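Here's the letter readout for the chains.
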Amino acid sequence: MAVGDLAPDSALRSQNEISTEIASIADEYRGAGVEEFQPRLTYPPYRSSRLRHPLAALHAVDPEAVELSGPCFGNRDVHPLEADLTIQHAGQPIGERAVVTGRVVDGDGRPVRHQLVEIWQANAAGRYLHQRDQHPAPLDPNFTGVGRCLTDGDGWYRFTTIRPGPYPWRNHHNAWRPAHIHFSLFGTQFTQRMITQMYFPGDPLFALDPIYQSITDRKARDRLVAAYDHDVTTHEWATGYRWDIVLSGAAQTPVEGNGSR
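Quick caveat, the model's predicted, so the values are computed rather than measured.

1. Topic: the overall build of the chain
Here is step 1 of the chain: Counting its regular elements, the chain contains four helices and 11 strands.
Here is step 2 of the chain: The long-range share in the chain, meaning contacts at least 24 apart out of those at least 6 apart in sequence, stands at 68%.
Here is step 3 of the chain: Accessible surface, the chain: about 14,100 Å² in total, of which carbon and sulfur atoms supply 55%.

2. Describing the confidence of the model for the chain
Here is step 1 of the chain: When pLDDT is averaged across the chain, the result is 83; 73% of the residues are at 70 or more.
Here is step 2 of the chain: Overall, residues 1–12 carries pLDDT values under 50, and its contacts beyond four positions in sequence, including any with other chains, amount to 30 contacts.

3. Overview of the packing of aromatic side chains
Here is step 1 of the chain: Applying the stated criterion to the full structure yields 10 aromatic pairs.
Here is step 2 of the chain: Look at phenylalanine 159 and phenylalanine 183: their rings are 6.3 Å apart centre to centre, the planes differ by 85 degrees, and that puts the pair in the edge-to-face class. One end of the pair, phenylalanine 159, is in strand S4 (residues 156–162); the other, phenylalanine 183, is in strand S7 (residues 180–186), and 24 residues separate them in sequence.
Here is step 3 of the chain: Ring geometry for tyrosine 199 against tyrosine 212: centres 5.2 Å apart, planes inclined by 75 degrees, an arrangement best described as edge-to-face. Of this pair, tyrosine 199 sits in strand S8 (residues 194–199) while tyrosine 212 sits in helix H3 (residues 210–213), and the two are 13 residues apart along the sequence.
Here is step 4 of the chain: The class of tyrosine 199 is buried, set by a relative accessible area of 1%.
Here is step 5 of the chain: Looking at tyrosine 212, the relative accessible area reads 4%, which means it is buried.
Here is step 6 of the chain: Put simply, the rings of Tyr157, Phe159, Phe183 and Trp243 touch in pairs and so form one group of aromatic residues.

4. Some details on the sheet that holds strand S3 (residues 146–150)
Here is step 1 of the chain: The strand order across the open sheet formed by four strands is S3-S2-S7-S8, and the pairing between neighbours is antiparallel. Where the open sheet ends on each side, the last strands, each with one partner, are S3 and S8. Sheet twist, expressed as the average angle between the axes of neighbouring strands with direction ignored, equals 25 degrees.
Here is step 2 of the chain: As paired elements, strand S2 (residues 116–120) and S7 share five bridges and run antiparallel to each other.

5. Comments concerning the UniProt feature "domain: Intradiol ring-cleavage dioxygenases" (unreviewed entry) in the chain
Here is step 1 of the chain: With numbering matched to this structure, UniProt assigns "domain: Intradiol ring-cleavage dioxygenases" (unreviewed entry) to residues 100–128.
Here is step 2 of the chain: A distance of 19 Å separates the end C-alpha atoms of residues 100–128, which is 0% helix and 38% strand.

6. Describing the side chain of threonine 101
Here is step 1 of the chain: With respect to the helices, strands and loops of the structure, threonine 101 is situated in strand S1 (residues 97–105).
Here is step 2 of the chain: Look past the residues within four positions of threonine 101 in its chain and what remains in contact with it is Trp156, Tyr157, Arg158, Val232, Tyr241, Arg242 and Trp243.

7. Overview of the pattern of salt bridges
Here is step 1 of the chain: The tally for this structure, following the rule as stated, stands at eight salt bridges.
Here is step 2 of the chain: Among the ionic pairs, arginine 148 bridges to glutamate 82, the shortest N-O distance being 2.7 Å. Here arginine 148 is found in strand S3, whereas its partner glutamate 82 is found in the loop between helix H2 (63–69) and S1, with 66 residues between them in sequence.
Here is step 3 of the chain: Residue classification places glutamate 82 among the partly exposed positions, given a relative accessible area of 25%.
Here is step 4 of the chain: In this structure, aspartate 244 and arginine 242 form a salt bridge, with 2.8 Å as the shortest nitrogen-oxygen distance.
Here is step 5 of the chain: The class for arginine 242 is partly exposed, based on a relative accessible area of 29%.

8. Digging into the pairing of strand S10 (residues 239–242)
Here is step 1 of the chain: One ladder, built from four bridges, connects S1 with S10; its direction is parallel. Bridge pairing links valine 100 to tyrosine 241 in S10.
Here is step 2 of the chain: Of the pairings in the sheet, the one linking strand S9 (residues 227–228) to S10 comprises two bridges and is antiparallel in character. Each bridged residue has a counterpart across the sheet, and for tyrosine 228 the counterpart in S10 is tyrosine 241.

9. Concerning the nonpolar core
Here is step 1 of the chain: Membership of the largest hydrophobic core comes to 39 residues, with the highest contact counts inside it found for Tyr157, Phe159 and Phe183.
Here is step 2 of the chain: Secondary-structure elements contributing two or more residues to this core are S1, S2, S4, S7, S8 and H3.

10. Here's the deal with the environment of alanine 122
Here is step 1 of the chain: By the secondary structure assignment, alanine 122 is in the loop between S2 and S3.
Here is step 2 of the chain: With 22 residues separating them in the primary sequence, alanine 122 and threonine 144 have C-alpha atoms 8.6 Å apart.

11. Topic: the pairing of S4
Note on strand geometry: in a regular strand, side chains alternate between the two faces of the sheet.
Here is step 1 of the chain: Where burial is concerned, most of S4 is hidden: five out of the seven residues are buried.
Here is step 2 of the chain: The pairing of S1 with S4 spans seven bridges and is classified as antiparallel. Pairing of glycine 102 across the sheet is with tyrosine 157, part of S4.

Basis of the calculations
Every chain's residues receive numbers from 1 upward, in the order its sequence appears when written. Totals for whole chains, interfaces and linings use all residues, but because this is a predicted model, local features are given only for residues with pLDDT of at least 70 and pairs of side-chain atoms are given and counted only at 80 or more. Only heavy atoms go into the side-chain values, all of them from the structure, while hydrogens and water stay out. For helices the rule is a DSSP run of H or I covering at least 4 residues; for strands it is a run of E covering at least 2, with both sets numbered from the N terminus onward. Throughout, a residue-residue contact means that at least one pair of heavy atoms, one from each residue, lies within 4.5 Å. In these tables, accessible area is a Shrake-Rupley quantity obtained with a 1.4 Å probe, and a residue counts as shielded only by the protein chains included in the view. Confidence per residue, as judged by the predictor, is encoded in pLDDT with a range of 0 to 100. Side-chain rings of Phe, Tyr and Trp, where Trp is taken by its six-membered ring, are said to pair if the distance between their centres is within 6.5 Å; with planes under 30 degrees apart they count as stacked, over 60 as edge-to-face, and otherwise as tilted. In this scheme, a residue with accessible area under 20% of its type's maximum is buried, one over 50% is exposed, and one in between is partly exposed, where area comes from a 1.4 Å probe on protein chains only. Strands qualify as paired when DSSP identifies two bridges or more between them. Angles run from 0 to 180 degrees between N-to-C directions of axes, and those axes are lines fitted to C-alpha atoms, restricted for helices to the stretch in contact. UniProt positions are given in the numbering used here, feature names are shortened, and annotations may be inferred rather than shown by experiment. A side-chain nitrogen of Lys or Arg and a carboxyl oxygen of Asp or Glu constitute a salt bridge if their distance falls within 4 Å. In this text, buried Ala, Val, Leu, Ile, Met, Phe, Trp, Tyr and Cys residues form a nonpolar core when linked through side-chain atoms within 4.5 Å.

Dropping the structure here:
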């Protein structure tokens, strides 16, 4: 099968057939020796990926000059309450409360201290508070879906939030994204930003999602999935998940925009 878009008659096919086609394209990449640990910048089942990456070489700039004019933040700019997405409004948001926590470390396992971590996500119904998200799911007046925190002295971050719902995204017929939380990590300068996504374990949509499958190495994909942690779970209040973020090395967490193609 030639590498290309999902067949145009995908509306007439079952989810199993779509999943099989996605897997077949991934097999072609592996057979060609281009299996990767990061998302591919161009991945045919993810149709808009062809429109979202540079077609020419990037222009090198002096990073120090950019950092001098770029935004920066201080430790006092981030309030501890910003890490709890369930208390940002007068009422309680709808959905399953979840605590998501983990460590940010480098490739040698050393903690990355005082790192700015930001998250954004859909609500429990799978709806973003964004004017471009108009699919017919309800907005939650008590849930904005954004938060941030700083890692502590041992690299730990911690958020209290609502488990997001899946949502449709029009990539192909009956296309739904698995439940996920977007993570943004800043270093000491604006140019050091990294963006990735965290998924929840056991999601049946994994095999059908071209964004998740654009990471053709299974072990690397698995590193995007949080683990349920009963020690993090709070009695009669919130379920708990552990997800560590590795910034470099062989066990690096896949990030957006790092593919070789």
